Amino acid sequence: QVQLVESGGGLVQAGGSLRLSCVASGSIASIGSMGWYRQAPGKQRELVASITTAHTTNYEDSVKGRFTISRDDAKSTVYLQMNSLKPEDTAVYYCKVRGIRNGAVYYNDYWGQGTQVTVSS
């Protein structure tokens, strides 16, 4: 019953910008931390950025100063603003949302289907 819908990926030239969105819907009692991950061909999936319920953020070193993660709890949405994109940013980007239940004793992590980001040189 839980669904994460991603949007905003595409093809952009180096130096350009994209904004990814991820909307959670369904039977999620409470949303905890949210994050964005990416996986390039031949590489492991890596954490790009995360944001807690207190809006504390964390970024992978290579995207610091270029990417900004934010959340809108009223809309159950997490965003990733990507500026100054580089070819090395090319990957499939996945959002992750933690659903919390029973007073934070239990949780489940939900993943989006992924959206392709391609940065041309």
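This text goes with the structure placed above it.
All of the points below concern the structure found in this document. The structure displayed is predicted, hence computed values, not measured ones. (Residues numbered from 1 in each chain as written. Predicted model: local features only at pLDDT ≥ 70, side-chain atom pairs only at ≥ 80, totals over all residues. Heavy atoms only, no water.)

## What about the overall build of the protein?
A tally of regular secondary structure across the protein gives zero helices and 11 strands. Ordered by position in the sequence, the α and β elements of the protein form the string β-β-β-β-β-β-β-β-β-β-β. Here the protein has a C-alpha radius of gyration of 14 Å; the compact-globule value for 121 residues is 14 Å, and the two agree. The principal-axis extent of the C-alpha atoms belonging to the protein is close to 50 × 25 × 25 Å. (Helix = DSSP H or I, 4+ residues; strand = E, 2+ residues; numbered from the N terminus. Rg over C-alpha atoms; globule rule 2.2 N^0.38 Å.)

## Details of the pattern of salt bridges
Per the counting criterion, the structure on display carries six salt bridges. With a shortest N-O distance of 3.0 Å, Asp 89 and Arg 38 are connected by a salt bridge. Here Arg 38 lies in strand β4 (residues 30–39) and Asp 89 lies in the loop between β8 (77–82) and β9 (91–101), a separation of 51 residues in the sequence. Assessed through its relative accessible area of 6%, Arg 38 is described here as buried. Measuring nitrogen to oxygen at the nearest pair gives 3.1 Å for the salt bridge that ties Lys 64 to Asp 61. (Salt bridge = Lys/Arg side-chain N within 4 Å of Asp/Glu carboxyl O. Buried < 20%, exposed > 50% of the residue type's maximum accessible area, 1.4 Å probe, protein only.)

## Quick look at the nonpolar core
Core analysis: the biggest nonpolar cluster contains 28 residues, and Trp 36, Phe 67, Ile 69, Val 78, Leu 80, Met 82 and Tyr 93 have the highest contact counts within it. For this core, the elements supplying multiple residues, two or more each, are β3 (18–25), β4, β5 (46–51), β7 (67–72), β8, β9 and β11 (115–120). (Core = buried A, V, L, I, M, F, W, Y, C linked by side-chain atoms within 4.5 Å.)

## Side note on the state of the cysteines
Disulfide: a covalent bond formed between the sulfur atoms of two cysteine residues. Counted under the stated rule, the structure contains one disulfide. A sulfur-sulfur distance of 2.0 Å marks the disulfide that ties Cys 22 to Cys 95. Between Cys 22 and Cys 95 the sulfur-sulfur dihedral comes to about 50 degrees; the bridge is accordingly right-handed. Of this pair, Cys 22 sits in strand β3 while Cys 95 sits in strand β9, placing them 73 residues apart in sequence. Both residues of the pair, Cys 22 and Cys 95, belong to the buried class. (Disulfide = S-S within 2.5 Å.)

## So, the environment of Ser 33
By the element assignment, Ser 33 lies in strand β4. Given a relative accessible area of 26%, Ser 33 falls into the partly exposed group. Ser 33 sits 66 residues away from Gly 99 along the chain, and the two C-alpha atoms are 8.3 Å apart. Excluding anything up to four places from it in sequence, Ser 33 contacts Ile 51, Thr 52, Thr 53, Arg 71, Lys 96, Val 97 and Arg 98. (Contact = heavy atoms within 4.5 Å.)

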